[in-house]
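Observations on chain architecture
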Amino acid sequence: MTTASSPHNLQSTVDLGAQYITCTPHYAKKHQSFYDELLARGVLKPLTSPIEGMVIKEGDCNFMAPHGVSSIINHYLKESGAAIYFRQCVTQINLRNDKWEVLRETGSPEQFDIVVLTMPAPQILQLQGDIVNLISECQRQQLESVSYSSRYALGLFYEAGTKIDVPWAGQYITSNPCIRFISIDNKKRNIESSEIGPSLVIHTTVPFGVTYLEHSTEDVQELIFQQLENILPGLPQPVATKCQKWRHSQVTNAAANSPGQMTLHLKPFLVCGGDGFTQSNFDGCVTSALCVLEALKNYI
């Protein structure tokens, strides 16, 4: 759920990950309070713009985030009242006097009563320190069984007044070896502005993402541009670009027998959550969050 801004105009944004949220009748009922809150606050709005090739199932509702999909995350972070620290790369977790000592790439170690890990399963397995010996063989196998698709997303930002003349806001592409999805983000969000240029995002296919996973983003960006010319010939030059590698894009195989969360240690408490234990969509994240919360409440 990442939204990138143009370096030339911070109001020009593009969703590089999730594009819209599909709510099934089952989750509309189960997670109704979450949807009601986000709709009441204007964080979500019904998706009314045309998305060509979208598979629509009976009873499903689709929503978009008018302020970018990261506004959903920002809403919950703000509601939490917690102090948030970004760009802290955790390298080790050790047990020290009934607390967790967390080491980072930079900065001094810190101690915590409770640790919740929501990064992709392969990154949990890369952590060093006492955590390595605290993961049981059975849990390790479960974490190792989690698999992900990989893809690239390329965001393009254009000058104000630029016209991209197509009848859709988003389009699924089935006939291209490189490109799977294109969205004109301001159109998807029903935002027309003479002061803010349009923004466009291209998602690659998974086979392309896997093939070029270790290539430089510059080379990958060039390949995407070449294929984009075949689909939308004559596009103007963007004023800025943002190429995002999603090494861990969507979960293709979630951890078995650990619905929503996996508790690694009870006292002090250490729990894993996230889409690796459910599914890669908004409802999967909410399900995992609620499961982690239940495990926490039982511990406390």
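Parameters at a glance
- Residues numbered from 1 in each chain as written.
- Predicted model: local features only at pLDDT ≥ 70, side-chain atom pairs only at ≥ 80, totals over all residues.
- Heavy atoms only, no water.
- Patch = residues over 30% accessible without salt bridge, like charges linked within 9 Å, V, L, I, M, F, W, Y side chains within 5 Å.
- Areas by Shrake-Rupley, 256 points an atom, 1.4 Å probe, with all protein chains shown as cover.
- Salt bridge = Lys/Arg side-chain N within 4 Å of Asp/Glu carboxyl O.
- Helix = DSSP H or I, 4+ residues; strand = E, 2+ residues; numbered from the N terminus.
- Contact = heavy atoms within 4.5 Å.
- Pairing = 2+ DSSP bridges.
- Axes fitted to C-alpha atoms, helices over the stretch in contact; angles between N-to-C directions.
- Buried < 20%, exposed > 50% of the residue type's maximum accessible area, 1.4 Å probe, protein only.

An unreviewed UniProt entry annotates the protein as Renalase isoform X3 originating from Balaenoptera musculus.

1. Quick word on a nonpolar patch on the surface
A cluster of nonpolar side chains, contributed by I114, V116 and I300, occupies part of the molecular surface with about 280 Å² of accessible area. Along the chain, the position of V116 falls in strand 10 (residues 114–117).

2. So, the side chain of S199
Following the sequence through the fold, S199 ends up in strand 15 (residues 199–204). Apart from the residues within four sequence positions on either side, S199 is in contact with S12, T13, V14, L156, F157, S183, I184, D185 and N186.

3. Some details on the sheet that holds strand 9 (residues 110–112)
What the three strands build is an open sheet, ordered 7-8-9; its pairing is antiparallel. Looking at the sheet topology across the chains shown, the edges are occupied by strand 7 (90–96) and strand 9. In this sheet, adjacent strand axes meet at a mean angle of 30° when their direction is disregarded. As paired strands, strand 8 (residues 99–104) and strand 9 are joined by three bridges and run antiparallel to one another. Counterpart to V102 in the pairing with strand 9 is E110.

4. Topic: the pairing of strand 12 (residues 151–157)
Buried residues dominate strand 12, accounting for seven of its seven residues. Here strand 12 shows a buried face lined by R151, A153, G155 and F157 and a second buried face lined by Y152, L154 and L156. Sheet topology note: the strand 12/strand 16 (residues 240–246) ladder contains seven bridges and is antiparallel. Directly across from Y152, in strand 16, lies its bridge partner K245. Here five bridges tie strand 12 to strand 15, and the two strands are oriented antiparallel to one another. Residue pairing across strands places F157 opposite S199, the latter belonging to strand 15.

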